[in-house]
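Descriptive analysis of the structure
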Amino acid sequence: MENFGLEDLKMFGPMEEWPIGRLFGAASRLSGPIVWRIIERHGISPAGFFLLRLLIVEDGLRPGEVAKRLLVTPATVTSVVDTLERNGHVRRERSYRDRRGVMLRITDSGRRLLAEKSAPIGRDLARLYDVVDEEDEAAVRRFLLKLIDKFENHSPDEEEKEEGA
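Rules of the game
- Residues numbered from 1 in each chain as written.
- Predicted model: local features only at pLDDT ≥ 70, side-chain atom pairs only at ≥ 80, totals over all residues.
- Heavy atoms only, no water.
- Helix = DSSP H or I, 4+ residues; strand = E, 2+ residues; numbered from the N terminus.
- Buried < 20%, exposed > 50% of the residue type's maximum accessible area, 1.4 Å probe, protein only.
- Contact = heavy atoms within 4.5 Å.
- Areas by Shrake-Rupley, 256 points an atom, 1.4 Å probe, with all protein chains shown as cover.
- Core = buried A, V, L, I, M, F, W, Y, C linked by side-chain atoms within 4.5 Å.
- Patch = residues over 30% accessible without salt bridge, like charges linked within 9 Å, V, L, I, M, F, W, Y side chains within 5 Å.
- Salt bridge = Lys/Arg side-chain N within 4 Å of Asp/Glu carboxyl O.
- Lys, Arg positive; Asp, Glu negative; His and termini not counted.
- Charge placed at Lys NZ, Arg CZ, Asp CG, Glu CD.
- Polar contact = N/O pair within 3.5 Å; in protein donor to acceptor, adjacent residues only side chain to side chain.

Observations regarding the overall build of the protein
Across its full length, the protein carries 7 helices and 2 strands. Listing every helix and strand of the protein by position from the N terminus yields α-α-α-α-β-β-α-α-α. Residues classed as buried in the protein amount to 26% of the 165 residues present. Here the analysis covers contacts within the protein between residues at least 6 apart in sequence; of these, 47% occur between residues at least 24 apart. With the model as given, the accessible surface of the protein reaches about 11700 Å², and the carbon-plus-sulfur share is 54%.

As for the nonpolar core
By size, the foremost hydrophobic cluster in this structure holds 24 residues, and its most contacted members are Ile-44, Leu-51, Leu-52, Leu-55, Val-66, Val-77 and Val-90. Every element with two or more residues in this core is listed here: helix H1 (20-40), helix H2 (46-57), helix H3 (63-70), helix H4 (74-86), strand E2 (102-106) and helix H5 (108-128). Sorting elements by how many residues they give to this core places H2 first, with 6 residues. With residues up to four places along the chain from it excluded, the contact list for Leu-52 reads Ile-44, Leu-84, His-89, Val-90, Ile-106, Gly-110, Leu-113 and Leu-114.

Section: a negative patch on the surface
Judged by side-chain charge, Asp-133, Glu-134, Glu-135 and Asp-136 come together as a negatively charged surface patch. Looking at where Glu-134 falls in the secondary structure, it is placed in the loop between H5 and helix H6 (137-152). Using a relative accessible area of 71% as the deciding quantity, one classes Glu-134 as exposed.

Concerning the pattern of salt bridges
By the definition in use, this model includes 10 salt bridges. Notably, a salt bridge pairs Lys-117 with Glu-116, separated by 3.5 Å at the nearest N-O pair. On the basis of relative accessible area, Lys-117 is assigned to the buried category, the value being 14%. Ionic contacts of the salt-bridge type, sharing partners, join the residues Glu-58, Glu-65 and Arg-69 into one network.

Quick word on the side chain of His-89
Within the secondary structure layout, His-89 lies in the loop between H4 and strand E1 (90-94). Engagement of the side chain of His-89 in a polar contact is seen with the side chain of Ser-109, the distance being 2.9 Å. Residues in contact with His-89, not counting those within four places in the same chain, are Leu-52, Leu-84, Arg-105, Ile-106, Thr-107, Ser-109, Gly-110 and Leu-113.

This is the structure we're talking about:
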């Protein structure tokens, strides 16, 4: 476990006996750096890749909204956008509604870059996550969908109720 950055979890005994939540947390913690390294191998920063993917789906977002959706700081977005803009992949535009606001727009160059990188990155990530046996896939999918739904609908009120119980 030392090689996986889980040294602090050794005290919980063998991983095979851990509760599902702890296993999921450990897998989540380990996945980020590995996914980022895979993307970097393709010559694009992970933050830049995910930012471009976000703008492909919804072009014209404010930097603060991008930060919120990518779970990064506004300073990180500024730095990533500076690089992408310098390379011609995004541009900043004044908001039509609020002249003080800035909107981020993907350029044709950004679209081409994303088109070039997405398939090979997708293949590498698919190989990384190809660990579920076919007969287990439906159960794993149900678990993850329920977990995502629970996370999306979780409220601080629920935490307070649990603390008071």
